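Residues per chain, in single letters:
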Amino acid sequence: NLGGPIASIYANVHEYAPPPHAIDAVSASLKLVSGATGSLSTVRGVPDHFRIHVAGTAGWAEVRDFGTLQVSLLDGTQKTQNFGRAVAIAHLLERFADAVRGEHPFPVSKSSMLATVAAFEATIVSIEHGTPIDVIQPGYEQ
């Protein structure tokens, strides 16, 4: 949802070691409806690490391990904020509990959740067929 709906996905998997100590990697190239591009990668069997990196015409922003935000602008301005991983997860769980109690809507729309599932399904089909796959958009709200 960072860049809007995904138009197509081209994914592949690389297996380096079989179970019980599996090591494999999945990478996916994304084409967004807006024309922007992106990539997603994951590796199983290595120490836990999480990162989202977004680059644009004015600079870039990166979130690491669900709690550290770093922004770097083309003018040389840099800023880092630490939120703490536990805080981010706790916040999400609190929003979910609020939604269950009917106090506030969950911050991710149902159509966005369905778009995520559609992207996962397209990733699986792309891996199986070795070709780019169009993502069927069930409806999208940002």
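Provided above is the structure to which this section pertains.
(A) The arrangement of the sheet that holds strand β6 (residues 68-73) in detail. Taken together, the four strands give an open sheet; going across it, the order is β4-β5-β6-β7, and neighbouring strands pair in antiparallel fashion. Each of the sheet's edge strands pairs with one partner strand only, and the pair in question is β4 (51-56) and β7 (78-82). With strand direction ignored, the average angle separating the axes of adjacent strands in the sheet is 10°. Bridge analysis of strand β5 (residues 59-64) against β6 gives six bridges, and the strand direction is antiparallel. Across the sheet, the residue bridging to Arg64 is Thr68, located in β6.

(B) Main features of helix α2 (residues 110-129). Counted at 1.5 Å a residue, the expected span for α2 with its 20 residues is 28 Å, and the 29 Å between its end C-alpha atoms agrees. Ser111, Ser112, Ala115, Ala118, Ala119, Ala122, Thr123 and Ser126 are the residues of α2 that are buried. All buried residues of α2 project into a common sector of 145° when viewed along the axis, lining one side. The outward face of α2, more than 90 degrees from its buried face, is lined by the exposed residues Lys110, Phe120, Glu121 and Glu128. In this structure, the buried residues of α2 make contact with β1 (6-17) and β8 (133-134). Of the residues trailing α2, Gly130 is marked for its positive phi of about 70°.

(C) Just the pattern of salt bridges, in detail. Summed over the entire model, instances satisfying the criterion amount to seven salt bridges. Here Glu62 and Arg51 are joined by a salt bridge, their closest N and O atoms 2.6 Å apart. Of this pair, Glu62 sits in strand β5 while Arg51 sits in strand β4, and the two are eleven residues apart along the sequence. Residue class for Glu62 comes out buried when judged on its relative accessible area of 6%. Residue classification places Arg51 among the partly exposed residues on the basis of a relative accessible area of 44%.

(D) Region of interest: the nonpolar core. With eleven residues, the main nonpolar core is built from Ile6, Ile9, Ala11, Ala28, Leu30, Leu32, Ala118, Ala119, Ala122, Ile133 and Val135. Breaking this core down by element, the ones donating at least two residues are β1, β2 (23-32) and α2. Aside from chain neighbours lying at most four places away, what touches Ala119 is Ile6, Ile9 and Val135.

(E) A look at the environment of Pro105. Along the chain, the position of Pro105 falls in the loop between α1 (85-100) and α2. Pro105 sits 14 residues away from Ala119 along the chain, and the two C-alpha atoms are 23 Å apart.

(F) Local environment of the sheet that holds β2. Taken in spatial order, the four strands line up as β3-β2-β1-β8 in an open sheet, and their pairing is antiparallel. The open sheet terminates on both sides in strands that have one partner only, identified here as β3 (37-44) and β8. Taken together, the two bridges between β1 and β8 define a ladder with antiparallel strand orientation. Residue pairing across strands places Ile9 opposite Ile133, the latter belonging to β8. In the packing of α2 onto the sheet, the strands contacted are β1, β2 and β8, and the crossing angle to β1 comes to about 55°.

About the thresholds
Residues numbered from 1 in each chain as written. Predicted model: local features only at pLDDT ≥ 70, side-chain atom pairs only at ≥ 80, totals over all residues. Heavy atoms only, no water. Pairing = 2+ DSSP bridges. Helix = DSSP H or I, 4+ residues; strand = E, 2+ residues; numbered from the N terminus. Axes fitted to C-alpha atoms, helices over the stretch in contact; angles between N-to-C directions. Expected span 1.5 Å × (residues − 1). Buried < 20%, exposed > 50% of the residue type's maximum accessible area, 1.4 Å probe, protein only. Arc of directions from axis to C-beta. Contact = heavy atoms within 4.5 Å. Salt bridge = Lys/Arg side-chain N within 4 Å of Asp/Glu carboxyl O. Core = buried A, V, L, I, M, F, W, Y, C linked by side-chain atoms within 4.5 Å.

Function cannot be read off these values alone, since they describe shape.
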